[in-house]
Amino acid sequence: MPPFRLVWKNLLRHRTRALLTAASLAVAIFLLCVLRSLLVVLESGIKASASNRLIVQSSVSLFVYLPESYEAKLERIEGVERVVRWNWFGGYYQEPKNFFAQFATDVEDLFEVYPEIELVEGSQEDFFGDRRACVIGSEMARKFNMRVGDTMPVIGGLFPRTDGQPWDFRIAGIYHSVKPNVDNNTLFFHADFLQKALESGAANGPEGVGIFVLRLEPGADRVRVAETVDALFAGGPQRTQTTTEAEFQAQFVSMVGNVPFFVGSIGGGVLIAILLATLNTMLMAAREQTRDIGVLKALGFRDGTVFGLMLGQSMLLTGVGGMGGLLIALSSEQFFAQLLGTAFPGYHIAAETVVEAVIATLLIGVLAGIVPALRARKLSVLTALRSVG
Amino acid sequence: MALIPLSYNLRSLIVRWPSTILTVLGIAATVAVLVGVMALQQGFTSLFRAQGRDDVAVFLRQGATNEGDSAFTRERAMILMKTVPEIAEDEAGRRLVSAECYLAVRRNKTGGGGETNVPVRGVMPMSFVIFGRDITFSQGRNFTPGTDEVIIGAKLAERIEGARLGEVLQFNTTPFRVVGIFEHDGPFSSEIWGDHDRISEALERPVYNRVIAKLKDETDWPELVRRMDQDPQVPSKLLTEREYLTSQTSAFSFVLSALGVFLAVIMGIAAVFTATNTMLTAIAARTIEIGILLSMGFRPHAVFLGFMLEALLLGIMGGIVGALIVLPLNGIQTGAMNFQTFTEVAFAFRVTPQILFGAIVFAAMLGILGGAIPAWRAARMRPTEAMRRG
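All values reported here derive from a predicted model rather than from experimental measurement.

Calculation criteria
Residues numbered from 1 in each chain as written. Chains lettered and ligands numbered in written order. Predicted model: local features only at pLDDT ≥ 70, side-chain atom pairs only at ≥ 80, totals over all residues. Heavy atoms only, no water. Helix = DSSP H or I, 4+ residues; strand = E, 2+ residues; numbered from the N terminus. Rg over C-alpha atoms; globule rule 2.2 N^0.38 Å. Buried < 20%, exposed > 50% of the residue type's maximum accessible area, 1.4 Å probe, protein only. Contact = heavy atoms within 4.5 Å. 1 Å grid on protein atoms, 1.4 Å probe; cavity = no way out; pocket = protein on both sides within 12 Å on 5 of 7 lines; lining within 4 Å. Points joined across faces, edges and corners; volume = space filled by probe spheres on them. Nonpolar A, V, L, I, M, F, W, Y, C, P; charged D, E, K, R; others polar. Buried area = accessible area lost by both parts, 1.4 Å probe. Salt bridge = Lys/Arg side-chain N within 4 Å of Asp/Glu carboxyl O. Pairing = 2+ DSSP bridges. Core = buried A, V, L, I, M, F, W, Y, C linked by side-chain atoms within 4.5 Å. Arc of directions from axis to C-beta. Patch = residues over 30% accessible without salt bridge, like charges linked within 9 Å, V, L, I, M, F, W, Y side chains within 5 Å. Areas by Shrake-Rupley, 256 points an atom, 1.4 Å probe, with all protein chains shown as cover.

Student: Please clarify how the overall build of chain A should be interpreted in this entry.
Tutor: Counting its regular elements, chain A contains 15 helices and 10 strands. A compact globule built from 389 residues would reach a C-alpha radius of gyration of about 21 Å, whereas chain A, at 30 Å, exceeds it by more than 25%. When the 389 residues of chain A are sorted by exposure, 49% land in the buried category. At a minimum sequence separation of 6, the contacts of chain A that also span at least 24 residues come to 81%.

Student: Honestly, the side chain of B:Thr278 in this entry has me stumped. Any pointers?
Tutor: Its place among the elements puts B:Thr278 in helix α8 (residues 241-285). Taking the relative accessible area as the measure of exposure, B:Thr278 reaches 5% and is therefore buried.

Student: Teacher, can you tell me more about empty space enclosed by the protein here?
Tutor: To find leftover empty space, one rolls a probe the size of a water molecule over the atoms. All names here are of chain B. Applying the stated criterion across every chain, the model contains five cavities of 30 Å³ or more. Put simply, the largest cavity is a space of about 180 Å³. Lining the largest cavity are 19 residues; nearest its centre among them are Phe48, Tyr102, Pro187, Glu191 and Leu245. When contributions to the lining of the largest cavity are tallied by element, the ones reaching two or more residues are β3 (115-123), α8 and β12 (343-348). Among the elements that line the lining of the largest cavity, the one with the most residues is α8, at four residues. Per-class residue counts for the lining of the largest cavity are eight nonpolar, five polar and six charged.

Student: Sorry, what's going on with the interface of chain B and chain A here?
Tutor: It is common to give the size of an interface as the accessible area lost on bringing the parts into contact. Counting residues at the interface gives 38 residues for chain B, matched by 41 residues for chain A. Carbon and sulfur atoms make up 65% of the area that chain B and chain A hide from each other, which totals about 3500 Å². The interface formed by chain B and chain A includes zero salt bridges. Counting only elements with at least two residues in the side of chain B that touches chain A, the list comes to α2 (17-49), β2 (97-108), β3 and α8 of chain B. Per element, the largest residue contribution to the side of chain B that touches chain A is 14 residues, and it comes from α8(B). For the side of chain B that touches chain A, the residue count by class is 19 nonpolar, 11 polar and eight charged.

Student: Honestly, the pairing of strand β7 (residues 174-183) of chain B in this entry has me stumped. Any pointers?
Tutor: A regular strand carries its side chains on alternate faces of the sheet. All names here are of chain B. Buried residues dominate β7, accounting for seven of its 10 residues. In terms of strand pairing, strand β4 (residues 136-140) meets β7 through four bridges, oriented antiparallel. Along β7, the bridge assignment pairs Gln139 with Ile181. The sheet contact formed by strand β5 (residues 149-153) and β7 spans five bridges and is parallel. Bridging across to β7, Glu149 finds its partner in Arg177. Where strand β6 (residues 168-171) lies against β7, four bridges are found, and the strand directions are antiparallel. Pairing of Leu169 across the sheet is with Phe176, part of β7. Hairpin connection between β6 and β7: a loop of two residues separates the two successive antiparallel strands, and Asn172 in this loop has a positive phi of roughly 55°.

Student: Quick question: what am I supposed to make of the pattern of salt bridges here?
Tutor: Here the idea is simple: oppositely charged side chains can pair when their charged atoms come close. All names here are of chain B. Evaluation of the coordinates by the stated rule reveals 36 salt bridges over all chains. The closest approach of N and O atoms between Asp90 and Arg94, which form a salt bridge, is 3.0 Å. Between Arg121 and Glu100 there is a salt bridge, and its shortest N-O distance comes to 2.7 Å. With Arg121 in strand β3 and Glu100 in strand β2, this residue pair connects regions lying 21 residues apart in the sequence. Given a relative accessible area of 1%, Arg121 falls into the buried group. You can call Glu100 buried: its relative accessible area is 0%. Among the ionic contacts, a cluster of salt bridges with common partners joins Glu67, Glu100, Arg121, Glu191 and Arg210.

Student: For this particular structure, what's the right way to read the nonpolar core?
Tutor: Among soluble globular proteins, nonpolar side chains are generally buried collectively. Residues and elements named next belong to chain B. Val35, Phe128, Phe131, Ile151, Trp193 and Phe347 are the most contacted members of the largest nonpolar core, which has 47 residues in total. Mapped onto this core, the elements with two or more residues apiece are α2, β1 (56-61), α4 (125-131), β7, α8, β12 and α11 (353-379). Among the elements that line this core, the one with the most residues is α2, at 10 residues. Setting aside residues no more than four positions away along its own chain, Phe131 makes contact with Arg53, Val56, Glu100, Phe188, Trp193, Ile212 and Glu241. Counting 42 residues, the second largest nonpolar core, distinct from the first, contains Val97, Ile181, Tyr208 and Leu215.

Student: Just checking my understanding: could you explain helix α1 (residues 5-13) of chain A for this structure?
Tutor: Helical periodicity: at 3.6 residues per turn, an α-helix aligns residues three or four positions apart in one direction. Residues and elements named next belong to chain A. Listed as buried for α1 are Val7, Asn10 and Leu11. Within α1, the buried residues cover an arc of 100° as seen down the axis, which keeps them to one side. Lining the buried residues of α1 we find α2 (15-47), α11 (290-299) and α12 (303-331).

Student: Sorry if this is basic, but what is going on with the pairing of strand β6 (residues 151-154) of chain A here?
Tutor: All names here are of chain A. Of the two faces of β6, only the one carrying Met152 and Val154 is buried; Thr151 and Pro153 on the other face are not. Taken together, the four bridges between β6 and strand β7 (residues 167-177) define a ladder with antiparallel strand orientation. Paired with Val154 across the bridge in β7 is Trp167.

Student: Can you walk me through a nonpolar patch on the surface in this structure?
Tutor: On the surface, A:Ile272, A:Leu276, B:Trp17, B:Ile21 and B:Leu25 cluster together into a nonpolar patch covering about 490 Å² of accessible area. Secondary-structure elements contributing two or more residues to the nonpolar patch are α10 (259-288) of chain A together with α2 of chain B. Per-element accounting of the nonpolar patch gives the leading share, three residues, to α2(B). With respect to the secondary-structure elements, A:Leu276 resides in helix α10. A relative accessible area of 34% means that A:Leu276 is categorised as partly exposed.

Structure follows, in structure tokens:
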């Protein structure tokens, strides 16, 4: 019966050394989890995109508006079930750094086209009936301490009011999105409220529609519908670019830069540095235990057992360190989620991240322990007993 | 007080080179990451801040946070251009003022990297007079006013498709021919410039986004800012071009700095643990030597200082190695999306002496933190025990 307790005892012989190695491993794994989670957040918006929605935007620029007349034409295209418009409002609450998204939209169609947006407080009828009403995300309601019935004054950045006052919206509902592609930090209000204000001269700003979101009929061919839309408007007045929702989200992510590469290279560097450190510890341990291995073999324990004991020490050490790092990452999840609230909404440690952390830990354990373990296996009894220190 | 000779520490480091290298690499990796991220941040901010002109005033619509938000109708822009008395004139008596329209348009990146947003600026001929020698042409010539020609900033020309001399860029339904590539040390080298009338028409934006002007030397700046803010006809927000550019970079710059600090701290902690580990092992292996030193008459604090010095040396070496690893990045062109303006900006990594100095100081600190405990242990050894144990 292999003396498993030796694995444990040998590590504890040099408590400080083992602790420090495990600690640096914990820090490294923690960092990897955080970096990986940032990546996951960026990708999650893309992954959760609906497959039955298309986004129609100007092919020239994100900031160019499409004529309103396009809406009727889009509804008539075969395969399109509903059309809803989204206009980026570009305002802020109290200070420019309180940044969040606001959209003017066709409210009656909004919930149909986006079933993942669910009202947790307030009612749709109330929202539809009052032109000055708005709904806000649950995260935003929490952050600014707002409730149904409160007024939310939004200072118009892109659409300033001519009287210099903020836009006052009455909160008719608070929504919660069950999927990460719509965050809980957005304000939606009536598009015709904005339009009437522009027409009457109460506000200034670009006319037209920012993007149209198309909800497709079940079984419609996305590619064909997208091509039809772009062909329809190829002659102008504004050429369009129609993409799936996933591609639309991806366009924002790719604009941030080559994040996967950046994260990957830092992660790789950290892993290599930690591997070297752990390997060093294991080699030192092996050197010290040369005599003991000789004794074990003389007593009759097999080469394979000795190999296992050595590798076991490495795996135990890295296992403790890795799990420690994972625990730190998990317990700090809430902290980071709040810290990165608006920039990286929905920060969380995904199951894949945990799996990757475990794999990285196991890999380091094996790689750091294999050389000492093989050496221990091949060690002849006489050489081992004869060695000094 | 006799200090342990430096040669002892130095030679120990050389003799036990595997541990030395391990510790140095750990610290070097941390320093490399820190310097890399800070070089990115410096490259980005210096592009904007250093090149912003103090003598060029930028008029934006009141309440606008950037050019994209700001809009002046033609009439209002004309009023600003013609009536503000502080605007300087050149020798020929022309007012040094220009109105520009601005839009971020989609272009494909070269090499199939996807799409990006690129700033297009419609300018009047006066813009070139105002910026004078800041803008020079490396290829081709300037565009002819009133025609469908454009010029492209040199940095951008390499990063997007269809931007070389003689090629044609299409904006909406109108084709524009690239007739020149220009150099600018600041953000304009990531922009496409064309005639304001033709660009507004092609993009269907009949408004101007900003008015720029050179002001007379004796202008009372605070008074002018206040007056324009309360102007009844065209209330505007007034900034120097430098202030404007600085405001456009603050968010991204902050994010990069925060990222750099975060990574440095986390990796630093791991590096310190590794350093302490290796030094503890080194001390354990050198127990006999320490015993000899102590019994020779060196006081404990000399031993402590000696080992702290060794740790400091390790830190500094780690810092230098880390800096050397990242130094080749200096000057390498890269690009990023400035999410404040939502446009692609091309800039180069910039490793400044301050960054290097700060990084090496940081590395030295890591070394000292890592060496504190081992040095303490070494100093507390009793000579007889030490010589017996080894």
